Amino acid sequence: QKGRNEVHNGGFETLTAVKDPTKGAKEDCGDTHAPHPNPLPAHGERAQCSNRAMLTILFDGVAYGMLLFVLACGLAITLGLMNFVNLAHGAFAMAGGYVTVLAMSKLGLPFLACLPLAFLVAALLGMILEPTLYRRLYGKSHFDQVLFSIGLAFMAVATVDFFMGSTQQNIR
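Residues numbered from 1 in each chain as written. Predicted model: local features only at pLDDT ≥ 70, side-chain atom pairs only at ≥ 80, totals over all residues. Heavy atoms only, no water.

Chemist: An account of helix α4 (residues 111-132) is requested, with residue identities and associated values reported.
Modeler: Taking 1.5 Å per residue as the helical rise, α4 with its 22 residues ought to reach 32 Å, and the 32 Å between its terminal C-alpha atoms agrees with that figure. Considered for burial, the residues of α4 that qualify are C114, A118, A122 and L129. Buried positions in α4, seen along its axis, are confined to an arc of 70° and lie on one side of it. Residues of α4 that are exposed and point over 90 degrees away from its buried face: L112, F119, L120 and M127. Looking at the buried positions of α4, the neighbouring elements they touch are α3 (89-106) and α5 (142-164). (Helix = DSSP H or I, 4+ residues; strand = E, 2+ residues; numbered from the N terminus. Expected span 1.5 Å × (residues − 1). Buried < 20%, exposed > 50% of the residue type's maximum accessible area, 1.4 Å probe, protein only. Arc of directions from axis to C-beta. Contact = heavy atoms within 4.5 Å.)

Next comes the structure, spelled out in structure tokens:
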């Protein structure tokens, strides 16, 4: 059909886009107004769409950078203060993220109400795992600590994948 673009990925055919030349640029930028009569956007509309996309990309990049900074600080603190190499601290962040997603989608709680719940569940998980698993490795070599914590991280990811699935979870 005219206007269809198909991508072949490993034997799977995926429909990626269906372009309608009667729809204008405003709809392509996310506006829900009626289609623009001119299929080519005016210069100002193109700049507005470009600015909005650039601000979205900038905001997403800063938010992701802040998340990586917090995770890196967690790694630096556990290594520096406790002399313990814990590479599984990302699993605790993942647990907090899934608690947030589940509380928002299943319980209908707002995002800001889910954050303290996510912190508490991740802290409770740490309080359970520290005396049962981590305490035995405090006197061991760094190599043993790395192997254990990477194994724990792999097990946490596999467990979440088993129960939640490997698809992206949407927040509504």
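That shown, we press on.
Chemist: A description of the confidence of the model for the protein chain should follow, citing residues and the corresponding values.
Modeler: Here the protein chain shows a mean pLDDT of 77. Residues at 70 or above account for 72%. Per-residue pLDDT, averaged within each element of the protein chain, yields its smallest value for strand β2 (residues 12-18) (40) and its largest for α4 (93). Here residues 1-28 scores under 50 on pLDDT; set against residues more than four positions off or in separate chains, the count is 33 contacts. (pLDDT = per-residue confidence, 0-100.)

Chemist: Please give an account of the side chain of Q145 that cites residues and values.
Modeler: Inspection of the secondary structure puts Q145 in helix α5. Polar side-chain contacts of Q145 include one of 3.1 Å to the backbone oxygen of L137. What Q145 contacts, discounting residues up to four positions off in sequence, is N83, F84, V85, L137, Y138 and K140. (Polar contact = N/O pair within 3.5 Å; in protein donor to acceptor, adjacent residues only side chain to side chain.)

Chemist: With reference to specific residues and values, describe the packing of aromatic side chains.
Modeler: Within the structure shown, the criterion is met by 4 aromatic pairs. Both rings, one in F84 and one in Y134, keep their centres 5.5 Å apart while their planes meet at 80°; by these two values the pair is edge-to-face. On the criterion of sequence distance, the pair formed by F84 in the loop between α2 (43-82) and α3 and Y134 in the loop between α4 and α5 is long-range, its members being 50 residues apart. The exposure class assigned to F84 is buried, which follows from its relative accessible area of 3%. Given a relative accessible area of 5%, Y134 falls into the buried group. Between the aromatic rings of F162 and F163, the centroid separation amounts to 5.1 Å while the plane-to-plane angle is 85°, which identifies the pairing as edge-to-face. (Phe/Tyr/Trp six-rings, centres within 6.5 Å; stacked < 30°, edge-to-face > 60°.)

Chemist: Quick rundown of the packing of α3 against α4? Include the residues and the values.
Modeler: It is at 8 Å that the axes of α3 and α4 come closest, and there the two elements cross at 140°. When the axes of α3 and α4 are compared, the pair comes out oblique. When the axes of α3 and α4 are compared, the crossing they make is right-handed. Here α3 contributes F92, A95, G96, V99, T100, A103 and M104 to the contact with α4, which in turn contributes F111, C114, L117, A118, V121, A122, L125, G126 and L129. (Axes fitted to C-alpha atoms, helices over the stretch in contact; angles between N-to-C directions. Parallel < 35°, antiparallel > 145°, perpendicular 65-115°, else oblique. Left-handed = near helix turned anticlockwise from the far one by under 90°.)

Chemist: Just give me the short version of the side chain of N86, but keep the residues and values in it.
Modeler: Considering the arrangement of structural elements, one finds N86 in the loop between α2 and α3. Here A88 takes part through its backbone nitrogen, which lies 3.0 Å from a polar atom of the side chain of N86. For N86, the residues in contact, after removing those within four places along its chain, are L75, T78, F92, Y134 and S149.

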